[in-house]
Amino acid sequence: ETGVTQTPRHLVMGMTNKKSLKCEQHLGHNAMYWYKQSAKKPLELMFVYNFKEQTENNSVPSRFSPECPNSSHLFLHLHTLQPEDSALYLCASSQDMGRGRSSNYGYTFGSGTRLTVV
Amino acid sequence: AQSVTQLDSHVSVSEGTPVLLRCNYSSSYSPSLFWYVQHPNKGLQLLLKYTSAATLVKGINGFEAEFKKSETSFHLTKPSAHMSDAAEYFCVVSDAGSYIPTFGRGTSLIVHP
């Protein structure tokens, strides 16, 4: 257990479904991230939240909708996904001290949610 | 601007032999560098990090990496591979110019008995 918990571990959903991924950390970190990891492709940053405020949206389609109600919880709401959205979705957290000062700490990752869109 | 290149997509070694995973970086500022490991169906785990202190960094599970500014490299090594080391390894660079780190494409380490 890394301190970052993701649920569910596996999710199969149809293209017309709506589902949510959940991430929770109790490390006292104030920055949280969503990454997408597809086979044969580099890790893709999706969203960044610092102190509950979204600071980065890496050109992610609107069918992915993040929510960060507090510094410990992060959600990724999914609707009308496509088969190419099937991937491992990783949540991470870090102690972000502001621009240019987060780089020293590294990230703590969850185990991911394996999403399959059918 | 920052970038990172992992020079090998796959590295294959025999158990008990040394491991070398190569990483080169580019950074306009003093970089922080990291190595992460990902076992199958798991998230990424931090192995070690360099943040402008000692250039030889020791990590978990017997891994270490050396920061060489003149060569812009941060290669990961281990004296003796174990079967449990078989995993995907990611080199990561982060500098003050872009507080979001850049991940390499990963190197798959295969360990033969």
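Please refer to the structure placed before this passage.
Residues numbered from 1 in each chain as written. Chains lettered and ligands numbered in written order. Predicted model: local features only at pLDDT ≥ 70, side-chain atom pairs only at ≥ 80, totals over all residues. Heavy atoms only, no water.

A. Geometry of the overall build of chain A. Looking only at helices and strands, chain A features zero helices and eleven strands. Put simply, chain A runs from its N terminus to its C terminus through helices and strands in the order β-β-β-β-β-β-β-β-β-β-β. Computed over the C-alpha atoms, the radius of gyration of chain A is 14 Å, within 12% of the 13 Å expected from 2.2 N^0.38 for a compact globule of 118 residues. C-alpha atoms of chain A, sized along the principal axes, occupy 40 × 30 × 30 Å. Expressed as a percentage of the 118 residues in chain A, the buried residues total 46%. Look at the contacts in chain A between residues 6 or more apart in sequence, and 56% of them connect residues 24 or more apart. A total accessible area of about 5,600 Å² is found for chain A, and carbon and sulfur atoms account for 49% of it. Treating the 12 positive side-chain charges of chain A as one cloud and the 9 negative ones as another, the clouds have centres 4 Å apart. (Helix = DSSP H or I, 4+ residues; strand = E, 2+ residues; numbered from the N terminus. Rg over C-alpha atoms; globule rule 2.2 N^0.38 Å. Buried < 20%, exposed > 50% of the residue type's maximum accessible area, 1.4 Å probe, protein only. Contact = heavy atoms within 4.5 Å. Areas by Shrake-Rupley, 256 points an atom, 1.4 Å probe, with all protein chains shown as cover. Lys, Arg positive; Asp, Glu negative; His and termini not counted. Charge placed at Lys NZ, Arg CZ, Asp CG, Glu CD.)

B. Looking closely at the packing of aromatic side chains. Overall, the coordinates contain 14 aromatic pairs over all chains when judged by the stated rule. Ring geometry for tyrosine 35 of chain A and phenylalanine 103 of chain B: centres 5.4 Å apart, planes at 65°, overall edge-to-face. Of the two residues, tyrosine 35 of chain A is situated in strand β4 (residues 31-37) and phenylalanine 103 of chain B in strand β11 (residues 98-103); the pairing between them involves two chains. Its relative accessible area of 1% is what places tyrosine 35 of chain A among the buried residues. A connected cluster of aromatic rings, assembled from ring pairs, spans Tyr33, Tyr35, Tyr107 and Phe109 of chain A together with Phe34, Tyr36 and Phe103 of chain B. (Phe/Tyr/Trp six-rings, centres within 6.5 Å; stacked < 30°, edge-to-face > 60°.)

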